[in-house]
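# Breakdown of the fold
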Amino acid sequence: MRSRTLLFTFLAVCLAAVGIFLLSFQYFQSEEQAKANGRLSLYRSTVIAELERFSHLTYVLARDPFVQRTSKEGATDTLDQRLAAFAEQSNLDAIYLMNLSGETISASNALTPSSFVGQNYGFRPYFRDAVEGKQGRFYGIGATTGLPGYFIADGVDDGIGEISGVIAIKLDLSKLEQSWRDAGETVLLTNSDGVILLSSSAEWRYQTLSTLTLQQRSRIDAAQQFTGKSLQPLDWRQNSDTTAVINGFEHIYLTADDLPHDWRLHYFADQTVVRTRAWLVTGLLTIMAATILIFTQARHSRRIGAALQRSEAEEAQLREANERLAVEIEDRRTAERRLARTQDQLERASRLAALGQLSASVTHELGQPIAAMRNHLTAAELSDGGPLKLMPKISGLVDRMEGITRQLKFFARSGGDGFEPVDLRDAMRASLGLVSANIDASETNLDLHMPDTPVLVFGNQLRLEQVMTNLLRNAIDAMEDVDERKLTVGIGHSDTLGWFRIKDSGHGLGDSTLSDLQEPFVTSRESGHGMGLGLAISANIVAEHHGHITAENTEVGGADFRVEIPLLSHEDGVAKK
């Protein structure tokens, strides 16, 4: 057991150390990425500044009178000296003037062995752009010197709106590489084809980030952009948006692609510092955790020793407590025997109370059909041919009384026994038939509203008729002492509920609430006019149907009862089948 605990502890420590290392590595890596973003932004700015520093010079030179005159007349001595002075002052590699065929007629290096004079650069893209009236820009290896440079060119205006030649400058961008190397950074500048133009590592220059297509190679060869270079792919791969492996080492990798000519600046930051910091934090926290664990174990051992001492003292107390407990057990057994006798008496009393409640329910439920029978008999005595017409109604009431006695089991337990699709309209018609004599005798005005289509719910029609009959009789009785007796009955449905409402113009609920009236033997009627069981029974029936009953006083007097029952669903239909 102890060895298993030690193993689990060791595994937990290892997992915690791995988690700490990963979290700290991510934190320090995010710090390095933030620093790298700052450095990349700085280098991007320096590249753009270097490219744009002399972008205006060719435009100015193209409108210089000496340049314009030379492009027309061809005399170059004065212009050669002037261009040489400009190049020296501006620290440019070369400034040179070409005629419309691309041949150089004047240059700042005219007197040097690597003079551009006499060389034809009509194949260069920057020359063709300048001849078309645009500023030409191009990076490539010099066809004469073999040295790389950035070329800017503009067409020379002859004074009447025509181009008589092209003036171009060559910039040496190698000092950018030197600044990257001096800072100890790993930086690449690539063109739109992925060819490395500048690099902090000289051996990476003129390699590619991906294999060039035949179309790309043909275009590069036509412009003689990288003459003599094999343009082989660089040994690198990008692992994610922020990491890349170059020459076998993983680096933080960021790029800036918002540069002229669709160039892209690539920045690689070494992750050695990140790993070192992460390992230091992991080791420090692991040592701290081990120290806390040792201290905790020592305290735990001291607590165990103290607990052993307390247990010895408690053992003696336990023996004394056991002796007292034996006496208490005997006393408890005696009390349990008395409790058993008391429980038997309570059970008998409970059964008697249940019998009394059942008797009251039977009396109330059977009272309705008996009263209806009495009303039908009275009506038959006053009409011709009464007995023969009365027989179907009396037979129906007898069936209803038998149904009530069968349904009395619902007062003892809830459930859905005997549930089936019920049309609330049919149940209301049956209930109105039971109380029709009461309506006529009390001269009550009935206002009935029922839809043309069935309102189907899932329930027991006899039980729902009991609810409707209870509410109808209560409404009729409530209007016994008023002059205007109006009984409003309505049936309808919403998306999920079927409902019926019974509204009277009687004395209303008074100060009682619906919760009060649902209590057995509570009624708002005078003594001798009901036992107060109607709403209590109705509430139970509605609850069995998963429905809801509400009641409120109307503004003009009287009570408004509304009962809502869930509509018949597809699941109910399946259950019925």
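Residues numbered from 1 in each chain as written. Predicted model: local features only at pLDDT ≥ 70, side-chain atom pairs only at ≥ 80, totals over all residues. Heavy atoms only, no water.

Attention now moves to the sheet that holds strand β1 (residues 94-98). Taken in spatial order, the 5 strands make up an open sheet running β2-β1-β5-β4-β3, and their pairing is antiparallel. Strands at the two margins of the open sheet, each flanked by one partner only, are β2 (104-107) and β3 (136-141). Taken over all neighbouring pairs, the strand axes of this sheet differ in orientation by 25 degrees on average, direction set aside. In terms of strand pairing, strand β4 (residues 148-157) meets strand β5 (residues 163-171) through 8 bridges, oriented antiparallel. Residue Phe151 lies in a different strand from β5, and its bridge partner there is Lys170. (Pairing = 2+ DSSP bridges. Helix = DSSP H or I, 4+ residues; strand = E, 2+ residues; numbered from the N terminus. Axes fitted to C-alpha atoms, helices over the stretch in contact; angles between N-to-C directions.)

Taken as a whole, the second largest pocket holds about 330 Å³ of empty space. Lining the second largest pocket are 13 residues, with Arg137, Phe138, Ser192, Arg219 and Gln225 sitting closest to its centre. At 3 residues, the largest contribution of residues to the lining of the second largest pocket is made by β3. Within the lining of the second largest pocket, the residues separate by chemical class into 6 nonpolar, 4 polar and 3 charged. (1 Å grid on protein atoms, 1.4 Å probe; cavity = no way out; pocket = protein on both sides within 12 Å on 5 of 7 lines; lining within 4 Å. Points joined across faces, edges and corners; volume = space filled by probe spheres on them. Nonpolar A, V, L, I, M, F, W, Y, C, P; charged D, E, K, R; others polar.)

To continue, consider helix α3 (residues 65-73). Within α3, the full set of buried residues consists of Val67, Gln68, Thr70 and Ser71. For α3, the angular spread of the buried residues around the axis is 165 degrees, confining them to a single face. Turned more than 90 degrees away from the buried face of α3 sit Lys72 and Glu73, all of them exposed. Turning to α3, the residues buried within the fold contact α2 (57-61), α4 (77-90), β1, β2, β4 and β5. Gly74, located one to two residues past α3, shows a positive phi value of around 90 degrees. (Buried < 20%, exposed > 50% of the residue type's maximum accessible area, 1.4 Å probe, protein only. Arc of directions from axis to C-beta. Contact = heavy atoms within 4.5 Å.)

On inspection of all chains with the given rule, the structure shows 14 aromatic pairs. Three or more aromatic residues link up through ring pairs in this structure, and these residues are Tyr43, Trp180 and Tyr267. When the ring centre of Tyr59 is taken as origin, the NZ or CZ atom of Arg63, which lies over that ring, is 3.8 Å away. In this structure, Arg124 is placed above the aromatic ring of Phe151, and the distance from its NZ or CZ to the ring centre is 5.7 Å. (Phe/Tyr/Trp six-rings, centres within 6.5 Å; stacked < 30°, edge-to-face > 60°. Lys NZ or Arg CZ within 6 Å of the ring centre and 35° of its normal.)

Our focus in this paragraph is the nonpolar core. By size, the foremost hydrophobic cluster in this structure holds 46 residues, and its most contacted members are Trp180 and Leu265. Among the elements that make up this core, the one with the highest residue count is helix α1 (residues 2-52) (5 residues). In contact with Leu265, not counting residues within four places along its chain, are Leu40, Tyr43, Arg44, Val47, Trp180, Val187, Leu188, Leu189, Leu254, Thr255, Ala256 and Leu259. Val435, Met468, Ile549 and Leu567 belong to the second-largest nonpolar core, a separate cluster that totals 38 residues. (Core = buried A, V, L, I, M, F, W, Y, C linked by side-chain atoms within 4.5 Å.)

With that out of the way, let us pick up the confidence of the model for the protein. Of the residues in the protein, 85% reach a pLDDT of 70 or more, and the chain-wide mean stands at 83. The model gives residues 409-416 a pLDDT under 50, and that stretch makes 12 contacts with residues more than four places away or in other chains. The low-confidence segment residues 527-532 (pLDDT under 50) makes 11 contacts with residues lying over four places distant or belonging to another chain. (pLDDT = per-residue confidence, 0-100.)

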